[in-house]
Amino acid sequence: MIPVRTLFLAASAALLAFAPAQAAQPLPVVASFTILGDMASQIGGDKIAVATLVGPDGDAHVYQPTPSDAKTLARSRLVLVNGLGMEGWLDRLVAASATKAPVIVVSQGVAPLTMEDEDEDHADHEKGHDHDGLDPHAWQNLANGKIYAANIGAALAKADPANAAYYQQRTQDYIARLDALDSWVKAEIARVPEAKRKIVTSHDAFGYFANAYGVAFLAPVGISTEAEPSAAGMGRLIEQIKKEGVKTVFVESMSSPKLAEVLAKDAGAAVGAAIYSDSLSPKNGPAPSYEAMFRHNVPLFVDAMDRE
């Protein structure tokens, strides 16, 4: 017969072994779409478990939340969103979930671009959309990406103070990588003569990239993918493509290629490889991370712009 003391010591040892495992459970974090999910994963590492609402190749502009999304939010300890009107469906989802988790707007601190300089047709189509004239695609400037990272790191540290030092170090390391990537993008774009720095995309998601890196982006659709281009707007863009000698029309991964195909055909241009703007690719795709998105897009842009 096993002595009571031995059983007690064995049970105590088991409980002690179990307690750290319980404490080490990763922090449940929800990100509204893949770019934010990846940033959180890069900073949170194995200390967090990230659930992303709008998955790879998804379109956060037109996403329709599901009942399971509400359950995911209810279980979360932290919710990360872009803000700037990107997730017009989010407030309803948060209310439906009754989550107690703080909702962090990771774009807090960026200088938002507005649609003041947009084509009138774009502005007309965008009326009634939730972004209120703001361009939500701020992550397309890596300087803003660093602001996002700092906000995410601070939010994780506040939600999980026991691992604050871990998040702080990983945030610093990640920002250093984004800094190096920013320098690389600028060097790559600098290889193209300024007069040739023109790109056509299927929707207007690269305003921040344009401002940061000195590239002119032309698009038949406005800030939101819900917009439809007018015939007059398409006609003007076709004439502009011909006049400026743009050779390639790019389609974003989450967009239908039909519009770009029509545009390219009528303008005498080619349809380029898929690029990534609002969403990352699946893990086995060409842009499974925020950093990989730039390393995929930029060489395609440079090749298209520098083509004779």
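Residues numbered from 1 in each chain as written. Predicted model: local features only at pLDDT ≥ 70, side-chain atom pairs only at ≥ 80, totals over all residues. Heavy atoms only, no water.

A. Here's a closer look at the overall build of the protein chain. Helix and strand content of the protein chain: eleven helices and ten strands. Across the 308 residues that make up the protein chain, the buried fraction comes to 48%. Within the protein chain, residue pairs in contact and separated by at least 24 positions form 68% of the contacts whose partners lie at least 6 positions apart. Entry remark: accessible area of the protein chain is about 14,500 Å², with carbon and sulfur atoms responsible for 55%. (Helix = DSSP H or I, 4+ residues; strand = E, 2+ residues; numbered from the N terminus. Buried < 20%, exposed > 50% of the residue type's maximum accessible area, 1.4 Å probe, protein only. Contact = heavy atoms within 4.5 Å. Areas by Shrake-Rupley, 256 points an atom, 1.4 Å probe, with all protein chains shown as cover.)

B. Structural detail: the packing of aromatic side chains. Applying the stated criterion across every chain yields a total of twelve aromatic pairs. When the centroid spacing of 5.2 Å and the interplanar angle of 55 degrees are considered together, the rings of F33 and W139 count as tilted. Pair noted here: F33 is in strand β1 (residues 27–33) and W139 is in the loop between β6 (134–135) and α6 (142–159), with a separation of 106 residues, a long-range link. By the burial criterion, F33 is buried, and W139 matches it. The rings of F206, F209, Y213, F217, Y290, F294 and F301 are connected pair by pair, giving a single aromatic cluster. (Phe/Tyr/Trp six-rings, centres within 6.5 Å; stacked < 30°, edge-to-face > 60°.)

C. A look at the pattern of salt bridges. Enumeration according to the criterion identifies five salt bridges in this entry. For E291, the salt bridge identified is with R177, shortest N-O distance 2.9 Å. In this pair, E291 is assigned in helix α11 (residues 290–305) and R177 in helix α7 (residues 164–190), connecting sequence segments 114 residues apart. The class for E291 is buried, based on a relative accessible area of 16%. (Salt bridge = Lys/Arg side-chain N within 4 Å of Asp/Glu carboxyl O.)

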